[in-house]
Structure formats: C-alpha cells, structure tokens
Amino acid sequence: MRPLTIAACFALGLAALPALAQDAAGPTTSTPEAVTTTDSAPVTSVEGNADRGRALTYTCQGCHGVEGYKNAYPNYHVPKIGGQSLPYLVNALNDYRSGARKHPTMQAQAQGFSEQDIADIAVFLSNLK
Amino acid sequence: MTNSRLRTAALAIALLGSAALAACSSDTAETAHADAGHAARSSSAGLPSGHVAAGEQLAMTKGAATGQSCIDCHGADGNAPIDASYPKLGGQYGSYLARALQMYRDGSREHALMSSQARGLTDQQIADLAAYFGSRDSELSTLQGAH
C-alpha cells in the first residue's frame, strides 16, 4: 500500500510540473496576485480576451454547439454554456483542470488550458447571446 | 492495511457476484424494483419523469440544510444568480440539471452549498426541479452559429 501511495504522489507531482511551467511561461500582462472579482467568489486574476476565446472554443462546438447533443453513459444533454455566468465558467474549467470536477472529455480538454486560456474562453462564452 | 485490502477484495467479489446475479435474473429484478419503487429514494433504473408544477413549488421551498431555496441563490426562474459564480439554470437542459443534482447528491461533484442542498433530494424531486428550471425562459445558448 505504502509504496503505491508514494508512487501515486510522485506521479501527481510529475503531472503538475508541466502545468506549473505553463503558468510561469504565461502572459506577462496579468498581475498574478491581483484578484478582480465583483463578488466573494475566488475567480481569476487574468483579464480575458474574447477574440482569443472565440478561437479557443472552436473545438467546444463539437459537443456544445449541437442542439440536443447528448453525453452517453450516463445519458444526458451536454449543457448550454453560451451566456453562462463568467466566474462560474472559470471555476468549472479550473475544477476540470484540477480534477476536482470529473468528466473524461472535459478534464482532457481543460488540462491543456492555461489560466489565460480559461479567462479568454469564459469571457467569450459568457458574452454570447 | 492487510485488513482493508481484504475488505476491498471481499467487496469487489460481492459486487461482482451481485452484478452477475442481477444480469442473470434481470426480469425478476425489474419486478422487484417496481414493487419497491414507491419507497425508494433513488433507483438505478433512471429518474422518473418530472413535473413542472411540483418542481416550481420545491424551487421556492427553503432547504433544511442551508435555509435557502433554489430561487434564493439562483434568482427568479434561475436566471438571476445572487453571486456571479452561481450558474444560470433557466432553460438549461433538464437532463443536465438532473445529472448535476445527482452528482452533488452522491458526492461525485462538490460545492459548499449544493452538496448539502442536494443530499436529501429524492429521484422524483430531482426530476421535478430539472423539469421546472428546464422549462423556464433562458439566457443560455448552445454554441451553434457562435463562431
């Protein structure tokens, strides 16, 4: 049991390294410690760019852009995300990225996103009518 | 450690065994489900169909766990969340809303308020809430034509 636990921690650490590197190499325009929220919710320090968000969300259309598209096993509709609250979208993507929220496809997608990407996607989606 | 491993193994065997049994006798199992259906809080057979009126009533009722109703936080018709980090629910797909509530209930999704709010819900209540919020006007859209 113990060697397994140690191995798991090691694997997690390794998995976290690229994410850390990505953050460090992120855009310099952001002020990492400044938290700009209108409410109490912890969200993001990064200002989103809707044009970048538009480009980043082409892939999302495959599931979220098809009216009535369903997730299989379990069977339910893929949610409508256009016009959703911005901080909610940021939190959802962060949670998928960290694994706190679970969905195989969404976790795989979110793992490739930087903090800047998530801010861009959220600002684009939340402004859709 | 050895004990817990043994227990895990025993559980796995028990689960496999019951799964096999269920598969072999699915006809009788379904009958049994139907009989027990009224009392069951949740069923693996899927959610019952939801009723908008019942969902509306429940959406206005303050939950025991948080002292809040759905509407208290998500706003009228689920379209005016009081905190920007809370999602809009109005017109969202009912099946997605039901799935979210099921995940909060079983702990596979967590939120400080939603987890305790959903814990006591029955399948029927989840189906009713999903039907209600899914039937409201929506500020949400799919990404169809958004690019």
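The model shown is predicted, which means the values in this text are computed figures rather than measured ones.

Student: Summarise the overall build of chain A; cite the residues concerned and give the values.
Tutor: The helix and strand inventory of chain A stands at 6 helices and 2 strands. Each helix (α) and strand (β) of chain A, taken in turn from the N terminus, gives the series α-α-α-β-β-α-α-α. In chain A, which comprises 129 residues, the proportion classed as buried is 33%.

Student: How would you summarise the interface of chain B and chain A if you had to cite specific residues and measurements?
Tutor: Each partner contributes residues to the interface: chain B has 24 residues there, and chain A has 32 residues. Tallied by class, residues from the side of chain B that touches chain A come to 11 nonpolar, 8 polar and 5 charged.

Student: Give a description of helix 6 (residues 115-126) of chain A that names residues and reports values.
Tutor: All names here are of chain A. Taking 1.5 Å per residue, 12 residues should reach 16 Å; helix 6 reaches 16 Å between its end C-alpha atoms and fits that length. Burial within helix 6 is extensive, with 12 of its 12 residues counted as buried. Those residues of helix 6 lying buried are E115, Q116, D117, I118, A119, D120, I121, A122, V123, F124, L125 and S126.

Student: Provide a residue-level description of the environment of L97 of chain B, including the pertinent values.
Tutor: Residues and elements named next belong to chain B. Tracing the backbone through its elements, the reader meets L97 in helix 5 (residues 94-106). In this structure the C-alpha to C-alpha distance between L97 and L143, which are 46 residues apart in sequence, comes to 18 Å. Once you skip the residues sitting within four places of it in the chain, L97 turns out to touch L89, Q92, L129, A130, F133 and G134.

Student: Any details on the confidence of the model for chain B? Residues and values, ideally.
Tutor: All names here are of chain B. The predicted model of chain B averages 83 in pLDDT, with 73% of residues at 70 or higher. For the stretch residues 20-39, pLDDT sits under 50, and the model shows 4 contacts to residues farther than four places along the chain or on other chains. Both scores are given for the predicted complex: the pTM is 0.71, the ipTM 0.72.

Student: Account for the nonpolar core, with residues named and values stated.
Tutor: L97, A98, L101, I126, L129 and A130 of chain B are the most contacted members of the largest nonpolar core, which totals 20 residues. Put simply, the parts of the chain that give this core at least two residues each are helix 5, helix 6 (114-119) and helix 7 (123-134) of chain B. A per-element tally of this core places helix 7 of chain B first, with 7 residues. Leaving out residues up to four positions away in the same chain, L129 of chain B has contacts with G55, L58, A59, C70, L97 and L101 of chain B. Of all hydrophobic cores here, the second largest spans 19 residues; its members include L86, L93, A119 and A122 of chain A.

Student: Can you break down the packing of helix 3 (residues 52-60) of chain B against helix 7 of chain B residue by residue, with the values?
Tutor: All names here are of chain B. Put simply, helix 3 and helix 7 touch, their axes get as near as 7 Å, and they point 95 degrees apart. Relative to helix 7, the element helix 3 is oriented roughly perpendicular. From helix 3, V52, A54, G55, E56, L58 and A59 reach across to helix 7, where they touch Q125, D128, L129, A131 and Y132. Taken together, the residues that form the contact of helix 3 with helix 7 break down as 7 nonpolar, 2 polar and 2 charged.

Student: If you had to explain the packing of helix 5 of chain B against helix 7 of chain B to someone new, which residues and values would you point to?
Tutor: Residue and element names in this part refer to chain B. Contact geometry of helix 5 with helix 7 gives a least axis separation of 8 Å together with a crossing angle of 140 degrees. Considered as vectors, helix 5 and helix 7 are oriented oblique to each other. Every pair of crossing elements has a handedness; the one defined by helix 5 and helix 7 is right-handed. On the side of helix 5, the interface is formed by G94, S95, L97, A98, L101 and Q102, while helix 7 contributes I126, A127, L129, A130, A131, F133 and G134. Counted by class, the contact of helix 5 with helix 7 contains 9 nonpolar, 4 polar and no charged residues.

Student: So what's going on with helix 3 of chain B? Residues and values would help.
Tutor: Residue and element names in this part refer to chain B. Considered for burial, the residues of helix 3 that qualify are G55, E56 and A59. Here the buried residues of helix 3 occupy an arc of 105 degrees about the axis, which is enough to place them on one side. Residues of helix 3 that are exposed and angled more than 90 degrees away from the buried face: A53 and Q57. Looking at the packing, one finds that the buried side of helix 3 touches helix 4 (70-74) and helix 7.

Thresholds applied
Residues numbered from 1 in each chain as written. Chains lettered and ligands numbered in written order. Predicted model: local features only at pLDDT ≥ 70, side-chain atom pairs only at ≥ 80, totals over all residues. Helix = DSSP H or I, 4+ residues; strand = E, 2+ residues; numbered from the N terminus. Buried ≥ 20, exposed ≤ 12 C-beta atoms within 10 Å, placed from the backbone. Contact = placed C-beta atoms within 7 Å. Nonpolar A, V, L, I, M, F, W, Y, C, P; charged D, E, K, R; others polar. Expected span 1.5 Å × (residues − 1). pLDDT = per-residue confidence, 0-100. Core = buried A, V, L, I, M, F, W, Y, C linked by C-beta atoms within 7 Å. Axes fitted to C-alpha atoms, helices over the stretch in contact; angles between N-to-C directions. Parallel < 35°, antiparallel > 145°, perpendicular 65-115°, else oblique. Left-handed = near helix turned anticlockwise from the far one by under 90°. Arc of directions from axis to C-beta.

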